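Structural features, examined
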Amino acid sequence: MARYISETKTLMDQGQAQHLKKGRPFMIRNPSDEKHPLVILPLKYLSEVKSAPQGKLSFPTFLDKSNLLTVVGGPTMNFEVTRMVRLRVNRALKDLVEPLQDECLYAWNKVVPACADWTPITLFPILNQLFARIAARVMVGPELCRDDEWLNLALSYTEASIKAIRGVRAKYPPSLRFLAQYLDSNAREVLRIRRRAAQMLGPYLEARRSGRDRSNSDDALQWLLDTYESRKKALSADQLAQDEFILNVASITSSAAVALSIIYDLIDHPDSLQEIKEEINRVFGEYQTWTRASLNSLLLLDSFMKESLRLHTLQQLTVQRAALVPWTFKDGFQLPAGTNISFASQQLNLDEDVYPDAQTFDAKRFLRKRENIDPNKFHFASVSDDSIIFGAGFHACPGRFLAQDVLKLMLIQLLMRYDFKLSGASQSRPPDIAYNFSVMPNIGTQLLMKEKLTQR
Ligand code: HEM
């Protein structure tokens, strides 16, 4: 089993060459769920999976079962959460860039240490905090987003649930896992955090419900309440806490890891770094402020970010679904009920037929595609059959536009205010760390950072 944890990339590459490229599926053991191997599908099945009814090929069930979320008292992905992000967050984003920018500056001063001279910094925990604080402006509004207790709960929840999931999987046989929430200390911690979060959110929920507090209603607390009410469903403080936490789990670590990966690539490509700084200066000079339109004009930065994510994807597998019923594809290929399926996102990103010279970092790859093929496609958050990093179809990540804007705001601060380089002998990005089907940039590497004399 060990090689299925540490060598998944090699095994997936073999599967890609021997099966997927020939249009055939293959099966691979899933180290985090030994009883349910994964069936990896070739791309010819993508459009059928994208349009499959939720009651047949389910993403929430896949997430719940493979992460034991219900068992450890964790939140599950639900229809209201995804609908809220898709319809309300994304619609509001054009007006949210300014508050997000304010929050970025506030959070920056809170969590980034002073660096008058070259200062060693482990950036990942700082990026985690920054993203959590900035996104909290959208998730819980202007008051709670600066409440240290709330922010600690938001961050410690993800950590506690990961520990609980790993511990319960290792210690409890499936038939006894229902006992975990009573006996397992990590699972009990998950529930403690959830209870405290519900206590904190209760008064906000009541004020919004009674219409007493409509002043600050451009946030997910309000939009979740509206979504539940429009579907005539009750929203308890505990459910609200769970919904907020599933959004944190889905967004914070992944976005911080993507930010770190982009920063490593900027260090590796000083010419692009210089050009991107010039682009930021030029666009800021034109607009004098950061808005949706000005952020969208950072075409080179956007292309660089997408190329970084292509080469350093976080998940080897995306578009993961559980077959709730037997499912037959149009060509007759059958999946028994209970089968977990997925697509090989990392192998697609590195496929020479799709991305010529695929192993080479080409900062302008996607910029050229926007200029020569379609200006509205190939941006960081776009999904297509050639790019399934954010998933595909109905469940494609609805938070990717928020991630895109917040990442750009964070990178602008870093690039315009600091000089930065790797500390130690090596001057190029450290190798990624692969574990199971996830791939993370090295989160332990130290950078040296120094604040410039002129600041934006
Ligand atoms: C760069 C950072 C991010 C990455 C790489 C990422 C990636 C993904 C992926 C791969 C999926 C599964 C899609 C599928 O299987 O078809 C997903 C789903 C989801 N993501 Fe993200 N995501 C990111 C940021 C965010 C943010 C900031 C939010 C919060 C607003 C968010 C909220 C969600 C939600 C709610 C779903 C579930 C969608 C559904 O069930 O319909 N994500 N994400």
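A brief report on the enclosed structure follows. (Residues numbered from 1 in each chain as written. Predicted model: local features only at pLDDT ≥ 70, side-chain atom pairs only at ≥ 80, totals over all residues. Heavy atoms only, no water.)

Attention now goes to the coordination of the iron atom of the ligand. Protein coordination of the iron atom of the ligand is limited to a single donor, Cys397 (SG), which sits 2.3 Å from the metal. Of note, Cys397 is situated in the loop between α16 (365-372) and α17 (400-417). (Donors = N, O, S within 2.8 Å, 3.2 Å for Na, K, Ca; no water. Helix = DSSP H or I, 4+ residues; strand = E, 2+ residues; numbered from the N terminus.)

Examined against the element boundaries, Ile40 turns out to sit in strand β2 (residues 38-41). C-alpha separation for the pair Ile40 and Ala135, spaced 95 residues apart in sequence, amounts to 33 Å.

Around the ligand, 29 residues are found, and the nearest of them are Thr82, Arg321, Ala392, His395 and Cys397. Arg86 has a polar side-chain atom sitting 3.2 Å from an oxygen atom of the ligand. Class assignment for the residues of the shell around the ligand results in 17 nonpolar, 10 polar and two charged. (Near = heavy atom within 4 Å. Polar contact = N/O pair within 3.5 Å; in protein donor to acceptor, adjacent residues only side chain to side chain. Nonpolar A, V, L, I, M, F, W, Y, C, P; charged D, E, K, R; others polar.)

Attention now moves to the packing of aromatic side chains. All chains considered together, the criterion is met by 11 aromatic pairs. Plain terms: the ring middles of Trp150 and Phe245 are 5.8 Å apart, the flat faces sit at 10° to each other, and that makes the pair stacked. Here Trp150, found in helix α7 (residues 148-171), pairs with Phe245, found in helix α11 (residues 237-268); they are 95 residues apart in sequence, far enough to count as distant. No difference in accessibility class separates Trp150 from Phe245, as the two residues are buried. For the ring pair Phe284 and Trp290, a centre distance of 5.4 Å and an interplane angle of 45° mean the geometry is tilted. Side by side, Phe284 and Trp290 carry an identical accessibility label, which is buried. Cluster of aromatic residues (ring-pair linked, three or more members): Tyr45, Trp327, Phe329 and Phe333. Lying across the ring of Phe394, Arg86 places its NZ or CZ 4.6 Å from the centre. Taking the ring centre of Phe366 as reference, the NZ or CZ of Lys306 above it sits at 5.4 Å. (Phe/Tyr/Trp six-rings, centres within 6.5 Å; stacked < 30°, edge-to-face > 60°. Buried < 20%, exposed > 50% of the residue type's maximum accessible area, 1.4 Å probe, protein only. Lys NZ or Arg CZ within 6 Å of the ring centre and 35° of its normal.)

The side chains of a regular strand alternate, residue by residue, between the two faces of the sheet. Side chains Tyr418, Phe420 and Leu422 project from strand β9 (residues 418-422) onto a buried face, and the interleaved Asp419 and Lys421 project onto a face without burial. Where β9 lies against strand β12 (residues 446-451), five bridges are found, and the strand directions are antiparallel. Bridging from a neighbouring strand, Leu422 pairs with Leu447 of β12. (Pairing = 2+ DSSP bridges.)

Turning to the sheet that holds β2, a few remarks are in order. Read across the sheet, five strands follow the order β1-β2-β8-β5-β3 without closing on themselves; strand pairing throughout is mixed. At either margin of the open sheet sits one strand with a lone partner, and together these are β1 (26-28) and β3 (57-58). By the bridge criterion, four bridges tie strand β5 (residues 317-323) to strand β8 (residues 340-344) in an arrangement that is antiparallel. Within β8, the position partnered with Ala322 by the bridge is Asn340. Helix α2 (residues 8-18) rests against β1, β2, β5 and β8 of the sheet, and its axis sits at about 170° to β1. Running at roughly 95° to β5, helix α4 (residues 59-67) makes contact with β2, β3, β5 and β8 of the sheet. (Contact = heavy atoms within 4.5 Å. Axes fitted to C-alpha atoms, helices over the stretch in contact; angles between N-to-C directions.)

Note: strand β4 (residues 119-122) against β12, four bridges, orientation antiparallel. Bridge pairing in β12 places Pro120 opposite Leu448.

Positive phi is not limited to glycine here, since Gln288 has a value of about 65°. Within the secondary structure, Gln288 sits in the loop between α12 (270-287) and α13 (292-296). Although it is not a glycine, Asn436 sits at a positive phi angle of roughly 55°. With respect to the element layout, Asn436 can be found in the loop between β10 (433-435) and β11 (438-440).

With that out of the way, let us pick up the environment of Phe390. For Phe390, the position within the fold is in the loop between α16 and α17. Spatially, the C-alpha atom of Phe390 lies 9.5 Å from that of Gln315, the residues being 75 residues apart in sequence. In this structure, Phe390 is in contact with Leu309, Phe380, Ala381, Val383, Ala396, Cys397 and Arg400, ignoring residues within four places of it in sequence.

A separate point is the sheet that holds β9. The antiparallel open sheet is built from three strands, whose spatial order is β4-β12-β9. The open sheet terminates on both sides in strands that have one partner only, identified here as β4 and β9. Each strand of the sheet is rotated relative to its neighbour by a mean of 35°, with strand direction disregarded. Running at roughly 85° to β9, α11 makes contact with β9 and β12 of the sheet.

Let us look at the state of the cysteines. Considering all chains together, one arrives at zero disulfides under this definition. In this model Cys104 remains outside any disulfide bridge; the closest cysteine sulfur is found in Cys145, 12 Å from its own. (Disulfide = S-S within 2.5 Å.)

So, about the packing of α7 against α11. Viewed as axis vectors pointing N to C, α7 and α11 meet at an angle of 70°, and their least axial separation amounts to 9 Å. For the element pair α7 / α11, the angle class is roughly perpendicular. Counting all contacts with α7, which are made through Trp150, Leu153, Ala154, Leu155, Tyr157 and Thr158, the residues of α11 involved are Glu244, Phe245, Asn248, Val249, Ile252 and Thr253. Here the contact of α7 with α11 is composed, by residue class, of eight nonpolar, three polar and one charged. (Parallel < 35°, antiparallel > 145°, perpendicular 65-115°, else oblique.)

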